[in-house]
Amino acid sequence: MKYIVVTGGVISGLGKGITASSIGYLLKENGYHVTAVKIDPYLNIDAGTMSPYEHGEVYVLNDGTETDLDLGNYERFLGIELSGAHNITSGKVLKRVLDDERNGKYIGQTVQYVPHVTNTIIEMIKEAAHIPINHQTPYICIIELGGTIGDIESLHFVEALRQMNDNDMSFVHMSLLLDDEKTKPTQHSVQTLRSLGIFPDLMVLRTKTFISEKTKNKINLHCQTSNIFSNIDVKHVYEVPSILRNQGIHICLAKKLDLISYLHMEPNIMPKNSTTNMIFDQTIHVVIVGKYCDNKDTYLSIHRSLEHSAHYIEKNVVIDMISSDNDDWIALSKYDGVIIPGGFGDRGIEGMVEVARICRTTNKPMLGICLGMQIMCIESIRKIDPQCTSSEFDPTNANNVIISIDELDQTKMGGTMKLGVKETHIQHKNSHAYRMYNSFSVFERHRHRYEVNPSYQELLEKDHLIVSGKDINNCIDIIEDTIHPFYFGCQYHPEYKNTLEKPSPVFIYFLNACDRIKKLKYFSHVTINT
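Quick look at the structure, then. (Residues numbered from 1 in each chain as written. Predicted model: local features only at pLDDT ≥ 70, side-chain atom pairs only at ≥ 80, totals over all residues. Heavy atoms only, no water.)

## Looking at the overall build of the protein chain
Broken down by element type, the protein chain carries 16 helices and 20 strands. Against the compact-globule benchmark of 24 Å for 530 residues, the protein chain has a radius of gyration of 25 Å, which places it among compact chains. On the principal axes, the C-alpha backbone points of the protein chain span a range of 75 × 70 × 40 Å. Taken across its 530 residues, the protein chain has 58% of its residues classed as buried. Sequence-distant contacts in the protein chain: of pairs separated by 6 or more residues, those separated by 24 or more amount to 73%. When the accessible surface of the protein chain is split by element, carbon and sulfur atoms take 50% of a total near 22700 Å². Taken together, the 52 basic and 64 acidic charged side chains of the protein chain have centroids lying 4 Å from each other. (Helix = DSSP H or I, 4+ residues; strand = E, 2+ residues; numbered from the N terminus. Rg over C-alpha atoms; globule rule 2.2 N^0.38 Å. Buried < 20%, exposed > 50% of the residue type's maximum accessible area, 1.4 Å probe, protein only. Contact = heavy atoms within 4.5 Å. Areas by Shrake-Rupley, 256 points an atom, 1.4 Å probe, with all protein chains shown as cover. Lys, Arg positive; Asp, Glu negative; His and termini not counted. Charge placed at Lys NZ, Arg CZ, Asp CG, Glu CD.)

## Let's talk about the sheet that holds strand 1 (residues 2-8)
Spatially, the 7 strands line up as an open sheet ordered 5-2-6-1-7-8-9, and their pairing is parallel. Single-partner strands in this sheet number two, and they are strand 5 (87-89) and strand 9 (228-232). Adjacent strand axes in the sheet meet at a mean angle of 20°, parallel and antiparallel pairs treated alike. For strand 8 (residues 202-207) and strand 9, the ladder comprises 5 bridges, and the chain directions are parallel. Its bridge partner lying in strand 9, methionine 203 is registered against isoleucine 228. In this fold helix 10 (residues 249-257) packs onto strand 1, strand 7 (169-176), strand 8 and strand 9, with an angle of close to 145° to the strand it touches most, strand 7. (Pairing = 2+ DSSP bridges. Axes fitted to C-alpha atoms, helices over the stretch in contact; angles between N-to-C directions.)

## Description of empty space enclosed by the protein
All chains considered together, the criterion is met by 2 cavities of 30 Å³ or more. As for the largest cavity, its lining consists of Gly343, Phe344, Cys370, Leu371, Gln374, Glu392, His448, Arg449 and Tyr450. Residue composition of the lining of the largest cavity, by class: 4 nonpolar, 3 polar and 2 charged. (1 Å grid on protein atoms, 1.4 Å probe; cavity = no way out; pocket = protein on both sides within 12 Å on 5 of 7 lines; lining within 4 Å. Points joined across faces, edges and corners; volume = space filled by probe spheres on them. Nonpolar A, V, L, I, M, F, W, Y, C, P; charged D, E, K, R; others polar.)

## Section: the side chain of lysine 291
As for its placement among the helices and strands, lysine 291 is situated in the loop between strand 10 (283-290) and helix 11 (300-312). Of the buried charged residues, lysine 291 lacks a salt bridge, with aspartate 346 as the closest side chain of opposite charge at 6.0 Å. Contact partners of lysine 291, with chain neighbours within four places excluded, come to Tyr53, Tyr299, Ser324, Gly343, Phe344, Gly345, Asp346, Arg347, Met352 and Leu371. (Salt bridge = Lys/Arg side-chain N within 4 Å of Asp/Glu carboxyl O.)

## Section: the packing of aromatic side chains
With the rule as written, the count across this model stands at 8 aromatic pairs. Centroid distance tyrosine 32 to tyrosine 139: 5.9 Å. Interplanar angle 15°. Geometry classified as stacked. With tyrosine 32 in the loop between helix 1 (16-28) and strand 2 (34-40) and tyrosine 139 in the loop between helix 5 (113-129) and strand 6 (140-145), this pair connects stretches of sequence that are 107 residues apart. Assessed through its relative accessible area of 10%, tyrosine 32 is described here as buried. Note on tyrosine 59 and tyrosine 496: the rings are 5.2 Å apart at their centroids and 70° apart in plane angle, and the pair reads as edge-to-face. (Phe/Tyr/Trp six-rings, centres within 6.5 Å; stacked < 30°, edge-to-face > 60°.)

## Things to note about the nonpolar core
Across soluble globular proteins, you tend to see nonpolar side chains buried next to one another. By size, the foremost hydrophobic cluster in this structure holds 42 residues, and its most contacted members are Ile4, Ile23, Leu27, Ile140, Ile142, Val172 and Ile249. Discounting residues that sit within four places of it in the chain, isoleucine 142 has contacts with Ile4, Ala20, Ile23, Gly24, Leu27, Val34, Thr35, Ala36 and Val37. Core analysis: the second largest hydrophobic core is formed by 36 residues, Leu332, Ile402, Val467 and Ile479 among them. (Core = buried A, V, L, I, M, F, W, Y, C linked by side-chain atoms within 4.5 Å.)

## A short note on the sheet that holds strand 12 (residues 337-340)
Taken in spatial order, the 9 strands line up as 11-10-12-13-20-19-18-15-16 in an open sheet, and their pairing is mixed. Only two strands of the sheet have a single neighbouring strand rather than two, namely strand 11 (316-323) and strand 16 (441-448). For this sheet the average axis-to-axis angle between neighbouring strands, irrespective of direction, equals 25°. Relative to strand 13 (residues 366-369), strand 12 is paired through 3 bridges, and the arrangement is parallel. Its bridge partner lying in strand 13, isoleucine 340 is registered against glycine 368. On top of the sheet, helix 12 (residues 349-361) reaches strand 10, strand 12, strand 13, strand 18 (465-471), strand 19 (476-481) and strand 20 (487-490); it is set at about 150° to strand 12, its chief contact.

## Some thoughts on the packing of helix 12 against helix 13 (residues 371-381)
Close contact between helix 12 and helix 13 brings their axes to 9 Å; oriented N to C, the two are set at 70°. As judged from the angle between their axes, helix 12 and helix 13 are roughly perpendicular. Contacts between helix 12 and helix 13 involve Ile349, Met352, Val353, Ala356, Arg357 and Arg360 from the former and Leu371, Ile375, Ile378, Glu379 and Ser380 from the latter. Tallied by class, residues from the contact of helix 12 with helix 13 come to 7 nonpolar, 1 polar and 3 charged. (Parallel < 35°, antiparallel > 145°, perpendicular 65-115°, else oblique.)

## Notes on the pattern of salt bridges
Throughout the structure, instances matching the rule amount to 29 salt bridges. We note a salt bridge from lysine 28 to glutamate 501, for which the minimum N-O separation is 3.9 Å. Here the residue lysine 28 occupies a position in helix 1, and glutamate 501 occupies one in the loop between strand 20 and helix 16 (505-524), the gap between them amounting to 473 residues. On the accessibility criterion, glutamate 501 (45% relative accessible area) is partly exposed.

## Some thoughts on the environment of serine 309
The residue serine 309 is located in helix 11 in this model. Judged by its relative accessible area of 0%, serine 309 falls in the buried class. Among all residues touching serine 309, those that are not within four sequence positions of it are Pro503, Ser504, Phe507, Ile508 and Leu511.

## Focus: helix 1
Taking 1.5 Å per residue as the helical rise, helix 1 with its 13 residues ought to reach 18 Å, and the 18 Å between its terminal C-alpha atoms agrees with that figure. Along helix 1, 12 of the 13 residues are buried, which leaves the element largely enclosed by surrounding structure. Taken residue by residue, helix 1 has Lys16, Gly17, Ile18, Thr19, Ala20, Ser21, Ser22, Ile23, Gly24, Tyr25, Leu26 and Leu27 as its buried positions. (Expected span 1.5 Å × (residues − 1).)

## Details of the pairing of strand 2
When you tally the buried positions in strand 2, you get 7 out of 7 residues, the bulk of the element. Of the two faces of strand 2, both are covered, the one formed by Val34, Ala36, Lys38 and Asp40 as well as the one formed by Thr35, Val37 and Ile39. Bridge count for strand 2 against strand 6 is 6 bridges, and the pairing is parallel. Bridge assignment links valine 37 to a residue of strand 6, and that residue is isoleucine 143. As judged from the 3 bridges shared by strand 2 and strand 5, these two strands associate in the parallel manner. If you follow isoleucine 39 over to strand 5, its bridge partner there is isoleucine 88.

Interpretation in functional terms is not warranted from these geometric data alone.
Okay, here's the thing in structure tokens:
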């Protein structure tokens, strides 16, 4: 097994995940079986209870693990499906150590960070690295260490990686090159890394433009590495593999790790179905009306799904975000389609209900995801019961159309939701759901604690909101309006299984509907002169 470790210095948010994904992509495209591990130093067991404002989107894996958004980058770039073992947190590590101590593994020993915690980290990394991917054992494992070198919470991970270091491991250190190519912060971050026993083989520097040779020489002098690469600001993240490839980063890594085929790598590799340098004739304007619009990473997977799907149907897509706290919805008229995404809590809910009503009455294509689908049901039932809402927002209301999932323990907040891949059975062949999937059986990833009250199905369908998909327990997974061009809601998150090579059929279908209705509205206003 070969290991490539990506660390970061100066500031967090440098794009370590995109860099790690790009390196993995380059190696994968040259025939190597690649996997990825994300190390998050925080004490949380997982990212499920973290605020989207602070941490960005929570990404859900097939097995239901709630993770950092970088695992979404790995899956999209590499076209692989990861598991909870591929996301290692301090919380998971310390829990295993303490469980082992209680079970007598360390009888007679004083349990310490070194060697017990560091040994456990090494054990967890190797376990994750050897998990088969697409039925094959990986040959290369990309490890991203979250946070910034020097953070106190990551020191035990740095020490474990130092202990692992041998000829089968390469260290890539990312840093920020400030304006005017100021290098002092980068020098200090490398100095900190070296003081912890790790000497980077390569450096990738975030910068606005390519680094000058003069600056490279200065960094080499102080940091003692001549393998310096620029990761410049780009319009699309899918340009990064090509930028790094053209600087020869794959050859540098291949030489360090003794990868036998590095001399035969083809130039100018680009991710399949990437949006890079592709401009089409038609543009579709989509707005996401959500609760967490101040952080661009909150709905990252939805953004990527729209980009991939638009490229697949050879259209451009422009994506805006509007807070559901807004009370002026005239702006909706300029968009070709609307998405109401998932979320928690009652803030901004009334704005979402109004958006759903507007989309439904004006025939504007709308996609409701998770909470978005629940909002569509609330909007429908309020026609006969103005007080109807969700038990999440008003638990005292006995007539809510959205209720909690009874079998789950509602006294806990972490890991208590319906999570991971579940099967949905399409109910009608003559439905949007069947046409988009071309199958009666659908497997998508869920993340929710509430669901549609099945006793309301008859009332919903009287309002033309049919149930076109249910799970094996007869829970409602898909609804759609039978007299609307495209008014579609799904309880699951289709964005989580979207990849570069296989865009989500839900988003493809949604964008096609937006484009179709846009053209119908255009031609209905065209006057033909004779």
